[in-house]
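Summary of the model geometry
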Amino acid sequence: MNTGIRTVPFEITGVSHGLKEVKGLVKLNEEGFELEYTLQDSFVGVFKSDMKSTIIPYGNLEEIMFEKGWFSGKIILEGTSMNAFSGLPGTEPGSRTLKINRKHRDEAEKLVSHARMRLSEYRLDAMEGEGEF
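One structure accompanies this document, and this report is about it. (Residues numbered from 1 in each chain as written. Predicted model: local features only at pLDDT ≥ 70, side-chain atom pairs only at ≥ 80, totals over all residues. Heavy atoms only, no water.)

Right, let's talk about the overall build of the protein for a bit. Within the protein, the regular secondary structure consists of one helix and seven strands. Ordering the α and β elements of the protein from the N terminus gives β-β-β-β-β-β-β-α. Counting over 133 residues, the protein shows a buried share of 37%. Counting only carbon and sulfur atoms, one obtains 51% of the accessible surface of the protein, whose full area is about 8100 Å². (Helix = DSSP H or I, 4+ residues; strand = E, 2+ residues; numbered from the N terminus. Buried < 20%, exposed > 50% of the residue type's maximum accessible area, 1.4 Å probe, protein only. Areas by Shrake-Rupley, 256 points an atom, 1.4 Å probe, with all protein chains shown as cover.)

Structural data, given as structure tokens:
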């Protein structure tokens, strides 16, 4: 899928009671959000995990939002269940907030706009599939 949207850097802070943070890249693919990330200590950043990758399928997402702040932005993903984000570290059960640096806010907003459209298409396809016998 070529949406013209590039990858957007993100952070998830406060993991393991603030001792760790997630840093990575998020992009869209045919199935949903694709995230590549490392888990590192939040004090010095010396101890890093290997690069990991996970896909959050559209079927696991209830809502996708973008919030623009003064100095950063946030992509907020609300899951359909507590297991929606089982492959991605975080602090909120059934939800993940991806912090976006100020210089990447516009690109992140475009990514969320495209993702919301794809989520709507996914839901329409699912509804059409239920009606067929």
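Glancing now at the environment of glutamate 67. Looking at where glutamate 67 falls in the secondary structure, it is placed in strand β5 (residues 61-68). When the C-alpha atoms of glutamate 67 and arginine 105 are compared, they prove to be 9.2 Å apart, with 38 residues separating the residues in sequence. If near-sequence neighbours (up to four positions away) are discounted, glutamate 67 is found in contact with Gly73, Lys74 and Ile76. (Contact = heavy atoms within 4.5 Å.)

The next subject is the environment of valine 112. Here valine 112 shows up in helix α1 (residues 105-131). For valine 112, a relative accessible area of 4% gives the class buried. A C-alpha to C-alpha distance of 9.2 Å links valine 112 and leucine 28, two positions 84 residues apart in sequence. Residues within four places of valine 112 in sequence aside, it is in contact with Ile64, Met65, Phe66 and Ile75.

What follows is about the nonpolar core. Ranked by internal contacts, the top residues of the largest apolar core, which has 28 residues, are Phe10, Phe33, Leu61, Ile75 and Leu77. Of all the secondary-structure elements, those providing two or more residues to this core are β1 (8-15), β2 (20-28), β3 (32-41), β5, β6 (72-79), β7 (95-101) and α1. Apart from residues lying up to four places away in sequence, phenylalanine 33 is in contact with Val26, Lys27, Leu28, Thr54, Ile55, Ile56, Leu61, Ile64, Leu77, Leu111 and Ala115. (Core = buried A, V, L, I, M, F, W, Y, C linked by side-chain atoms within 4.5 Å.)

The next subject is the pattern of salt bridges. A complete count under the given rule lists seven salt bridges for this structure. Its salt-bridge partner being arginine 118, residue glutamate 30 comes within 3.2 Å of it at the nearest N-O pair. Note that glutamate 30 is positioned in the loop between β2 and β3 and arginine 118 in helix α1, a separation of 88 residues in sequence. Among the ionic contacts, a cluster of salt bridges with common partners joins Glu11, Glu21 and Lys23. (Salt bridge = Lys/Arg side-chain N within 4 Å of Asp/Glu carboxyl O.)

Inspection of the secondary structure puts threonine 38 in strand β3. Setting aside chain neighbours within four positions, we find threonine 38 in contact with Glu21, Val22, Lys23, Ser49, Asp50 and Met51.

Sheet analysis places β1 next to β2, joined by six bridges and oriented antiparallel. The residue bridging valine 15 from the neighbouring strand is lysine 20, located in β2. Where β2 and β3 come together, nine bridges link them in antiparallel fashion. Across the sheet, lysine 20 pairs through a bridge with aspartate 41, a residue of β3. The hairpin formed by β2 and β3 contains three residues between the paired strands. (Pairing = 2+ DSSP bridges.)

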